[in-house]
Structure formats: C-alpha cells, structure tokens
Amino acid sequence: MKKGLAHYKVGDVFDAYLMVKASSKSMASNGKPFLNLTLQDQTGDIEAKLWDCSPEDEQVYTPQTLLKVTGEVNSYRGKLQLKIKQIRPTSELDGVRISDFIETAPLSQETMVEEITKYIFEMQNPAIQRLTRHLLKKYQEPFFTYPAAVKNHHEFVSGLAYHVVSMLHLAKSIARLYPTLNTDLLYAGIILHDLGKVIELSGPVAANYTLEGKLLGHISIMVNEIGIAAKELGIEGEEVTILSHLVLSHHSKPEWGSPKAPMVREAEVLHMIDNFDAKIIMMDRVLSKTEPGEFTEKVFALENRSLYKPSFEKEWIKK
C-alpha cells in the first residue's frame with residue numbers, strides 16, 4: 001500500500017490528496033501559459049505541470065492549497081514528475097488537514113531547544129556567549145519553526161534548527177580530534193550562520209523568499225543583526241568582527257554566494273560542516289526513494305549527479 005510520494009515510482013498511478021508547496025507561471029512553446037507546481041505530502045514532493053492554465057488557476061493553485069490529484073508518475077530529464085489527469089482544490093471539509101501534508105524535523109522543538117542551549121552554556125567567552133544568546137532569544141520562535149531552505153536541504157518545518165543541531169554535534173566530534181579549534185567561535189558561528197533565514201524566508205510552511213531575502217540575502221541580514229546586537233549589548237572587540245566573518249564566509253566561494261572566503265580556521269570548519277550536513281540530507285532524501293541496485297534521479301544541487309544505491313543495502317540495513 002502506498003504511504004506517500006516517496007514510495008511512488010515511474011509508471012505508478014497516483015490518486016490521493018496533496019498540498020501545493022510552490023507555484024509559478026511559465027509559457028509553453030505554443031504561447032499558452034502553464035503552471036509549474038511542486039506538490040508535497042509528509043514524505044516528500046514532486047513536480048507537476050498544469051497546462052493551459054487560466055488567470056483564475058493562478059489564484060487558486062497557490063502555496064498551502066490542498067488538492068485532490070489523479071495522475072501518473074513519469075520521468076522527465078532524470079527526475080520524477082506527476083502527469084496530471086484530474087486535479088481539483090479541496091479543503092478540510094473533505095477530511096484532510098494542512099498538517100497532514102507538512103514534513104517536519106525528526107526531533108521535537110523542545111529537544112532542539114535543550115540541545116542548542118547546552119552548547120551555548122559551554123561557551124567560555126562572555127562576549128560570544130552573550131551575542132549568541134541575545135540573537136537566538138530575539139528570533140527564537142521562527143528559528144525553531146522555519147526551514148533551512150526553500151529547496152534542496154532541510155526544507156521542512158523546523159529544518160533550520162535541526163540543521164544547526166546536527167552541525168553542532170559534528171563540530172563537537174571534530175573538536176575532539178582537533179583541540180586547537182576554538183569551540184566558542186565554532187558553536188556560535190554554527191548557531192548564527194543561517195539565522196538570517198528567519199527574515200529571508202516567508203514562514204515555516206511552503207516558504208518563499210521575502211523582499212529582504214531577494215534584495216539582501218540571509219548573509220547580509222545576519223551580519224547586520226550581529227552589529228545591532230553588539231551595539232545593544234555594548235560589546236566591542238575582535239569577537240564581533242570574527243563572528244561576522246564566520247557568517248560572511250560560510251558559503252566559502254563567490255560563485256556559491258559568499259562575500260568572503262574563510263580566513264579563520266573555524267570559518268573553514270564551519271563551511272565544511274555546513275556543506276557536509278546539507279549534502280548528506282540531500283543524498284538520504286533521494287536515496288530513500290530508490291530501490292537497492294538502482295540509480296537515483298539526477299540531483300541538480302549535487303552537480304546534477306545520479307547516485308547509486310548498492311544492491312546489498314537491504315542486508316546492511318537489517319544488521
């Protein structure tokens with residue numbers, strides 16, 4: 001029995017409820033408009049196209065709209081796509097709820113609050129600890145509910161906090177191997193590096209980019225927030241500059257959106273941990289939809305690679 005989108009393969013017939021995650025208008029080669037839809041349930045999402053759409057359709061098929069969809073799962077340019085046969089808006093009156101289609105982090109918000117708080121308490125440098133605590137408290141509610149991205153990795157409710165918790169655990173293990181690392185800086189950089197996304201993104205569910213997100217981006221937003229916090233707390237000194245540098249450089253290269261390359265040891269480690277956690281999540285997601293002995297669909301964010309799932313994976317999972 002099918003339990004969600006993640007379990008569907010090419011050729012399968014689909015007949016179930018979904019939620020619109022994203023919608024955008026495009027123009028076909030014949031000059032007729034159509035909608036690019038991303039549809040989701042709790043297990044994942046899939047692309048679909050609504051051909052010959054009307055202006056009314058643009059108003060109807062918006063993010064967080066619940067739909068009854070019938071169609072067939074196809075493959076287009078190496079990715080799964082739902083070929084729509086029938087589609088109609090529905091509502092909670094039909095016995096479905098938005099919460100039924102929202103993917104959330106595997107840890108509770110309470111657990112993540114406790115985990116991150118422990119790392120803040122471990123910080124010895126008072127300036128770094130105060131800045132981190134102040135900014136986390138200022139944006140605590142969205143920080144623990146927002147996704148870490150619109151797509152590609154941790155794009156689910158509470159994904160931002162879950163990404164940070166995973167990175168902190170990685171950082172602690174790495175610091176045991178390399179005791180010269182300043183864990184105050186590294187932990188603070190991890191907690192703050194993506195905090196600007198609570199302003200860059202529109203909300204926890206079906207997130208899109210805000211005006212500030214499009215014009216400034218989360219990196220610039222967060223550097224500004226650090227400066228504001230430092231003034232409010234009366235903190236001056238190198239800690240403020242280096243924390244700002246960690247945020248500025250965590251994407252590492254200009255072509256990846258980084259204003260500066262890492263020039264502090266902890267900044268380099270922050271970038272590597274961030275990249276590592278994001279890529280593993282992306283790989284796990286696409287491999288979870290793939291049978292052992294088969295290749296995944298192409299993943300644009302992984303250099304458009306297809307990954308292979310070893311045929312003996314069933315055996316090692318049992319162990």
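Everything numeric in this text was worked out from a predicted model, so none of it was measured.

Enquirer: Give me the lowdown on the sheet that holds strand S4 (residues 66-76), citing residues and values where you can.
Expert: Here we have 5 strands rolled up into a closed barrel, ordered S1-S2-S3-S5-S4, and mixed in their pairing. In this sheet, adjacent strand axes meet at a mean angle of 50° when their direction is disregarded.

Enquirer: Which residues make up the packing of aromatic side chains, and what are the values?
Expert: Applying the stated criterion to the full structure yields 6 aromatic pairs. Considering the side-chain rings of Tyr-119 and Tyr-187, the 4.9 Å spacing of their centres and the 85° angle between planes classify their relative orientation as edge-to-face. Of the two residues, Tyr-119 sits in helix H2 (residues 109-122) while Tyr-187 sits in helix H6 (residues 183-192), which places them 68 residues apart along the sequence. Of the two residues examined, Tyr-119 and Tyr-187, each falls in the buried class. Geometrically, the ring pair formed by Phe-156 and Tyr-162 is tilted, given 6.4 Å between the ring centres and 50° between the ring planes. Tyr-162 matches Phe-156 in its accessibility class, with the two residues each being buried. Directly above the aromatic system of Tyr-17 lies the positively charged group of Lys-68, at a separation of 5.8 Å from the ring centroid.

Enquirer: If you had to explain the pairing of S4 to someone new, which residues and values would you point to?
Expert: Pairing between strand S1 (residues 13-27) and S4: 7 bridges, direction antiparallel. Note on S4: the bridge partner recorded for Ala-16 is Val-69. Examined bridge by bridge, S4 and strand S5 (residues 79-89) share 10 bridges and lie antiparallel to one another. Residue pairing across strands places Gly-71 opposite Ile-84, the latter belonging to S5. Linking S4 to S5, which pair antiparallel, is a turn of 2 residues; within it Arg-77 sits at a positive phi near 55°.

Enquirer: An account of the nonpolar core is requested, with residue identities and associated values reported.
Expert: Grouped together as the largest cluster of nonpolar side chains are 53 residues, with contacts concentrated most on Ile-116, Phe-143 and Ile-191. Broken down by secondary-structure element, the contributors of at least two residues to this core are H2, helix H3 (126-138), helix H5 (159-177), H6, helix H9 (217-233), helix H10 (238-249) and helix H11 (265-287). Of all the elements, H5 adds the most residues to this core, at 8 residues. Beyond its immediate chain neighbours, meaning those up to four positions away, Phe-143 contacts Ile-116, Leu-136, Leu-160, Ala-161, Val-164, Ile-191, Leu-195 and Val-198. Counting residues in each nonpolar core, the second largest holds 19 residues, with Tyr-8, Phe-14, Cys-53 and Val-69 among its members.

Enquirer: Any details on the domain arrangement of the chain? Residues and values, ideally.
Expert: How big an interface is tends to be reported as the loss of accessible area on association of its parts. When cut into domains, the chain gives domain 1 (5-100) and domain 2 (109-281). Computed from C-alpha coordinates alone, the two centres of domain 1 and domain 2 are separated by 34 Å. Summed over both sides, the interface between domain 1 and domain 2 buries roughly 350 Å², with carbon and sulfur atoms accounting for 59% of that surface. The interface formed by domain 1 and domain 2 holds 0 salt bridges in total. Summed over the shared surface of domain 1 and domain 2, the result is 0 residue pairs in polar contact (both at pLDDT 80 or more). Taken together, the residues of the side of domain 1 that touches domain 2 sort by class into 3 nonpolar, 1 polar and 1 charged.

Enquirer: Account for H5, with residues named and values stated.
Expert: Between its first and last C-alpha, H5 extends 28 Å over 19 residues, near the 27 Å set by a 1.5 Å rise per residue. Those residues of H5 lying buried are Gly-159, Leu-160, Ala-161, Tyr-162, His-163, Val-164, Val-165, Ser-166, Met-167, Leu-168, Ala-171 and Ala-175. The elements touched by buried residues of H5 are H2, helix H4 (140-143), H6, helix H7 (197-200) and H11.

Cut-offs applied
Residues numbered from 1 in each chain as written. Predicted model: local features only at pLDDT ≥ 70, side-chain atom pairs only at ≥ 80, totals over all residues. Heavy atoms only, no water. Pairing = 2+ DSSP bridges. Helix = DSSP H or I, 4+ residues; strand = E, 2+ residues; numbered from the N terminus. Axes fitted to C-alpha atoms, helices over the stretch in contact; angles between N-to-C directions. Phe/Tyr/Trp six-rings, centres within 6.5 Å; stacked < 30°, edge-to-face > 60°. Buried < 20%, exposed > 50% of the residue type's maximum accessible area, 1.4 Å probe, protein only. Lys NZ or Arg CZ within 6 Å of the ring centre and 35° of its normal. Core = buried A, V, L, I, M, F, W, Y, C linked by side-chain atoms within 4.5 Å. Contact = heavy atoms within 4.5 Å. Domains from an automatic or database assignment. Buried area = accessible area lost by both parts, 1.4 Å probe. Salt bridge = Lys/Arg side-chain N within 4 Å of Asp/Glu carboxyl O. Polar contact = N/O pair within 3.5 Å; in protein donor to acceptor, adjacent residues only side chain to side chain. Nonpolar A, V, L, I, M, F, W, Y, C, P; charged D, E, K, R; others polar. Expected span 1.5 Å × (residues − 1).

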